[in-house]
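Okay, here's what each chain looks like letter by letter:
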Amino acid sequence: MTILVTGGAGFIGSNFVLDWLAANDEALVNVDKLTYAGNPENLASLQGDPRHLFVQADIGDFARLSALLHDHAIRAVVNFAAESHVDRSIHGPEDFIQTNIVGSFRLLEAVRGYWHELPQDAKLAFRFLHVSTDEVYGSLEKTDPPFTERNQYQPNSPYSASKAASDHLVRAYHHTYGLPVLTTNCSNNYGPYHFPEKLIPLCIQNALAGKPLPIYGDGRQIRDWLYVKDHCSAIRTVLAKGKVGEIYNIGGWNEKANLDVVHTLCRILDELQPRPDGLSYAKQITFVTDRPGHDRRYAIDAGKLQRELGWQPAETFETGIRKTVGWYLEHQDWVQNVLSGDYQSWLEKNYAGRG
Ligand code: NAD
Ligand code: TYD
């Protein structure tokens, strides 16, 4: 038995691959295009492991994906591959449309063709798990209840709109063709291997480098944070026990304002690696021009996943964020290797005009 994972060299995908192979012996084909966000170094510990086959390919490459599905008799696909950064989607939405919409469509077509030819028992057992985001539901007011699976889709950024489109395609392939799909919509993740363009790793890195910690707008925007390993365990649970055609929201019941998250990071860094001058890293917090169309609040009600499939996160925000800061302090070599020329030009593009 073998599963196929897409985007397995990115942040969540590589954590999933590492956890999957640590938890069981089922082989895994890992398809990743290796965009700026894909990093084979995340998978270095798997070198020589015969259970892991890495293939550099685009999910939009129908012929390549069809061949891989057949050649490895794949029994399930977990689709992580995507363009994932909201700010990049604002500066240049094209790649988001190509990968998240067109790429997902071509992948679904390859899977549909393969699945259609399977013998009846394999057909019944097959699963296509699509990894999506809470951002498809739009923005909540302060007093609104958290998103359930029944919330209306109201995506506000090119990123969330492109993810919403892919969710709709996945749904349609189930209703129209009977493809056995599962969709998960998760809140903001954090943890090891998080690319330092996103709030938490960016602020850890900037703090250590003595640079400003850029807070968009007033910093009171709320995100619901989940430790990445908990996201991975939720996906394993949904893959094993989820009901075909269903959506499962995944979250950690950890709503935090951005400013509070950054203050927490500073407090932990002050303790673990104090600034040479003895002042707090919080001194580096800088308010900058807000993100256009910035969603005010996301919050996930993960009650369905808990009630129906028995999943629970293992980490609280306090334990998870401490582990994360510790990981970045211990893996400065990993960080230095991703701070390439491309990363520097992104920082210039995103932060230069914010004042
Ligand atoms: P990421 O940007 O770190 O990684 C994406 C990976 O996909 C990279 O390895 C990249 O090389 C690969 N990729 C991009 N385009 C591809 C293509 N056309 N073909 C093959 N591979 C391609 O993203 P992430 O944060 O790990 O997110 C993974 C998935 O989880 C995404 O679908 C995202 O929408 C979803 N998600 C992310 C979060 C979060 O907080 N990061 C939360 C909820 C859902
Ligand atoms: P991010 O990590 O980009 O995730 P998302 O936009 O998918 O939620 O951002 C998390 C929050 O942090 C979001 O409200 C935007 C904010 N933010 C900043 O305030 N400063 C920054 O430099 C970045 C990258 C994000």
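In case you missed it, the structure is sitting above this.
Quick caveat: nothing in here was measured; it's all calculated off a predicted structure. (Residues numbered from 1 in each chain as written. Chains lettered and ligands numbered in written order. Predicted model: local features only at pLDDT ≥ 70, side-chain atom pairs only at ≥ 80, totals over all residues. Heavy atoms only, no water.)

A. Quick peek at the layout of surface pockets. Taken as a whole, the largest pocket spans an internal volume of roughly 300 Å³. Breaking the lining of the largest pocket down by element, the ones donating at least two residues are α6 (158-177) and β6 (181-186). Within the lining of the largest pocket, the residues separate by chemical class into five nonpolar, six polar and four charged. (1 Å grid on protein atoms, 1.4 Å probe; cavity = no way out; pocket = protein on both sides within 12 Å on 5 of 7 lines; lining within 4 Å. Points joined across faces, edges and corners; volume = space filled by probe spheres on them. Helix = DSSP H or I, 4+ residues; strand = E, 2+ residues; numbered from the N terminus. Nonpolar A, V, L, I, M, F, W, Y, C, P; charged D, E, K, R; others polar.)

B. Molecular detail of the site of ligand 1. Close to ligand 1 lie 28 residues; I12, D32, S84, Y159 and K163 are nearest. With respect to ligand 1, the side chain of K163 contributes an N or O atom lying 2.6 Å from an oxygen atom. Listing elements by their share of the shell around ligand 1, those giving two or more residues are α1 (11-23), β5 (127-133) and α6. Sorting elements by how many residues they give to the shell around ligand 1 places β5 first, with three residues. Its residues assigned to classes, the shell around ligand 1 shows 13 nonpolar, eleven polar and four charged. (Near = heavy atom within 4 Å. Polar contact = N/O pair within 3.5 Å; in protein donor to acceptor, adjacent residues only side chain to side chain.)

C. Up close: the site of ligand 2. Not every one of the 17 residues close to ligand 2 is listed here, only the nearest: E135, P214, R291, H294 and Y351. The contact in question runs from a nitrogen atom of ligand 2 to an N or O atom on the backbone of P214, over 2.8 Å. Between ligand 2 and the protein, one listed contact pairs an oxygen atom with a side-chain N or O atom of R223 at 2.8 Å. When ligand 2 sits alone it has 510 Å² of accessible area, and the protein chains cover 97% of it. Only α3 (86-91), α7 (199-208) and β8 (213-216) provide two or more residues apiece to the shell around ligand 2. Ranked by residues supplied to the shell around ligand 2, first place goes to β8 with three residues. Here the residues of the shell around ligand 2 are counted per class, giving seven nonpolar, four polar and six charged. (Areas by Shrake-Rupley, 256 points an atom, 1.4 Å probe, with all protein chains shown as cover.)

D. A look at the pattern of salt bridges. Under the criterion given, the structure shown has 17 salt bridges. Among the salt bridges present, the one from D58 reaches K33, with a minimum N-O distance of 3.3 Å. Taken as a pair, D58 in the loop between β3 (52-56) and α2 (62-71) and K33 in the loop between β2 (27-32) and β3 lie far apart in primary sequence, 25 residues in all. We classify D58 as partly exposed; its relative accessible area is 27%. Residue classification places K33 among the partly exposed positions, given a relative accessible area of 41%. Notably, a salt bridge pairs D260 with R220, separated by 3.4 Å at the nearest N-O pair. Of the two residues, D260 sits in helix α9 (residues 258-272) while R220 sits in the loop between β8 and β9 (222-224), which places them 40 residues apart along the sequence. We classify R220 as partly exposed; its relative accessible area is 39%. Through salt bridges with shared partners, a single network forms among D25, D49 and R51. (Salt bridge = Lys/Arg side-chain N within 4 Å of Asp/Glu carboxyl O. Buried < 20%, exposed > 50% of the residue type's maximum accessible area, 1.4 Å probe, protein only.)

Read these as geometric descriptors, not functional statements.
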